[in-house]
Structures are given as structure tokens and as C-alpha cells.
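Working through the structure, step by step
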Amino acid sequence: MTESSPYVPPKIWKWESENGGQFAKINRPIAGHTHEKELPVGKHPMQLHSLGTPNGVKVTIMLEELLALGFEGAEYNAFIINIGEGDQFSSGFVDINPNSKIPALLDRSTEPPTRVFESGAILLYLAEKFGALMPKDPAHRAECLSWLFWQMGSAPYLGGGFGHFYAYAPFKIEYAIDRFAMEVKRQLDVLDRHLADNQYMCGDEYTIADIAIWPWYGLLVAGKAYSAGEFLDTKSYKNVTRWMEQIAKRDAVKRGRIVNKASGEPHEQLRERHDASDFDTKTQDKIADE
């Protein structure tokens, strides 16, 4: 099928496993596990099973920020889930996330251990558990939660919509790219107007709302997503750019954004994190030099 070919939906849709371009094999129309495999267990209270995608980066930044604040209970093991190889469909992973999507967190400091899946839920769980990175004032808390859930509802248009059709689809479809480019630019304008009057997403306080939004929209305006910076004219969103750069300077963000990363520059890939010293000794450039 090509862009110009007319498509008439069949009466009953059937799954064609090879249809869908890059990453097609990581999706399927049924849930449940495909193979038996237990998840590894590390020594720390928090067991994260993830990949360095924007949704995964939210959680590793959050954990690194909590550690920087002195919360020892936020120490974590970050095990990589190779979604290209189907690790997310193992029995062990499905046990902690029946939706088979990264990230998934197992908090072993509780009895029994607490599973948390969906990145927004993990951020909220950790903020409440440690009493940090969430406003205490009820009105400010409501603002923070509004922006947190704005991200959860908006990013699928950026990733699964624009990103897929612009960068990953097997052929370019003008209608689809135009539709989602328009929506992404509208979202960037929402952020730009808001950040014109606010240092962070919730005023002067850095919160889980910033942590949720930055890996998606911050990296987009930085030109590090879908090679689409010029196409979307992301440099024109001056306030989002200022906010992106401000957050990018945080040490916890510098650490968190490379955890479970399996692509890009070798020095920016810490595929698994089991100790704070791993940032100095276990990135891919260090391993290659051994």
C-alpha cells in the first residue's frame, strides 16, 4: 500500500505483524506474556525496569533528584528492558505491568512489595512517598497535577502521532504529518505562553510536572527528538527553550537522562544503574575502553 492507494477498511480488522514500519514488532493486539522469565533483583529498595525513552527518563530523573535531596530510600537498581527484543512481554515484567510498557517500578521497601506502572503514576507515588517535588499548598498542588496529567494526555500526539508518522512510518503521509505537526505546535505554544510568566511549570517551584514534561518537550526543542527541530521551528519557542536549558543544567537531570539509554553517544549510555559510582565507571565509553 502506498500513500495514494485508496484504503477501504475490511469488515473485521486483522493483525498484520509486519505492518507499521519501524518498531512494528513491539506492538500486538493482545495482552499477556509471551515467555517465562523472572526479573532480576538488585540490592536497593527501588527496582526499576525500564528503557531510556522519554517515559523512562522521567523516572530516572525523579530518582536522581530524590537522591540529591538526601532521600536514601530512593536508591535504586535500573535494569534495562529491551523492547525491541520483547523483554516487556516476559512473565516477570507483565507481573509488575500488565500493560507491557516501560517503565515499571517495584518498591521492595514495603511488605509486600508495591508495584507501580505508568510513568505519571510512578512520579506521583514517589513524590508522595518522600514528600518532595510536589507543592504542599492545595492550589499549587492542583496546578502541578494538572500539568502532570496534561503531559500524559498530550505526549501521545507528539510520540505516537507526530513522531511515528514523521520519523518511523514506512512511507510519508502528508495528511497524518500535517495533522500531528499542527497539534504538537499548538502544545508547544501552550507551554511557551505559560512559561512566559512562570520559571517552572508550577511557578517558582521545580516539581514532578517539570520532570514529566522535560524529557518530551524539552528534548524536542533541543533538537534531540525525531530530527524535527527545524521542521517544527522549535527555536521560535523562546520560553520553552529557556526552561529546557535551565533544567538541563541540573546534575540530577544530567545523570537521570542517560540511565537505561541504549543508543546515541557512548558516554551518554549507562545501560544499567546499580550504584552511584556507575556514572563514572560503567557508561559505554568506559566499558569499551576496558
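Up top you'll find the structure we're talking about.
First, a word on what this report is: a plain description of the structure on this page. Values in this document were obtained by computation on a predicted structure and should not be read as measured data.

This paragraph deals with the overall build of the protein. From N to C terminus, the protein includes 11 helices and 4 strands. Taking 2.2 N^0.38 as the reference for a compact globule, 290 residues should give roughly 19 Å; the C-alpha atoms of the protein span a radius of gyration of 20 Å, in line with that estimate. Overall, the C-alpha framework of the protein stretches about 60 × 50 × 45 Å when taken along its three principal axes. Taken across its 290 residues, the protein has 46% of its residues classed as buried. Across the protein, contacts joining residues at least 24 apart in sequence account for 66% of those joining residues at least 6 apart. Total accessible area on the protein stands at roughly 14900 Å², and carbon and sulfur atoms take up 53% of it.

Right, let's talk about the pairing of strand β3 (residues 104-107) for a bit. Residues in a regular strand project their side chains so that they alternate between the two faces of the sheet. In β3, alternate side chains face the same way, and those of Ala104 and Leu106 on one face and Leu105 and Asp107 on the other are all buried. Here strand β1 (residues 46-50) pairs with β3 via 4 bridges, running antiparallel. When the bridges of β3 are listed, Gln47 appears paired with Leu106. Where β3 and strand β4 (residues 114-117) come together, 4 bridges link them in antiparallel fashion. In the sheet register, Asp107 faces β4, and the bridge partner there is Thr114. The antiparallel hairpin formed by β3 and β4 contains 6 residues in its connecting segment.

Sheet architecture is open: 4 strands sit in the order β2-β1-β3-β4, paired in mixed fashion. Each edge of the sheet is formed by a strand with only one pairing partner; in this case those strands are β2 (76-80) and β4. Neighbouring strand axes in the sheet, compared pairwise and without regard to direction, differ in orientation by 20° on average. Packed onto the sheet, helix α3 (residues 119-130) meets β1, β3 and β4 and runs at close to 135° relative to β4.

Definitions and limits used
- Residues numbered from 1 in each chain as written.
- Predicted model: local features only at pLDDT ≥ 70, side-chain atom pairs only at ≥ 80, totals over all residues.
- Heavy atoms only, no water.
- Helix = DSSP H or I, 4+ residues; strand = E, 2+ residues; numbered from the N terminus.
- Rg over C-alpha atoms; globule rule 2.2 N^0.38 Å.
- Buried < 20%, exposed > 50% of the residue type's maximum accessible area, 1.4 Å probe, protein only.
- Contact = heavy atoms within 4.5 Å.
- Areas by Shrake-Rupley, 256 points an atom, 1.4 Å probe, with all protein chains shown as cover.
- Pairing = 2+ DSSP bridges.
- Axes fitted to C-alpha atoms, helices over the stretch in contact; angles between N-to-C directions.

So far we have only geometry, and geometry alone does not tell us how the molecule works.
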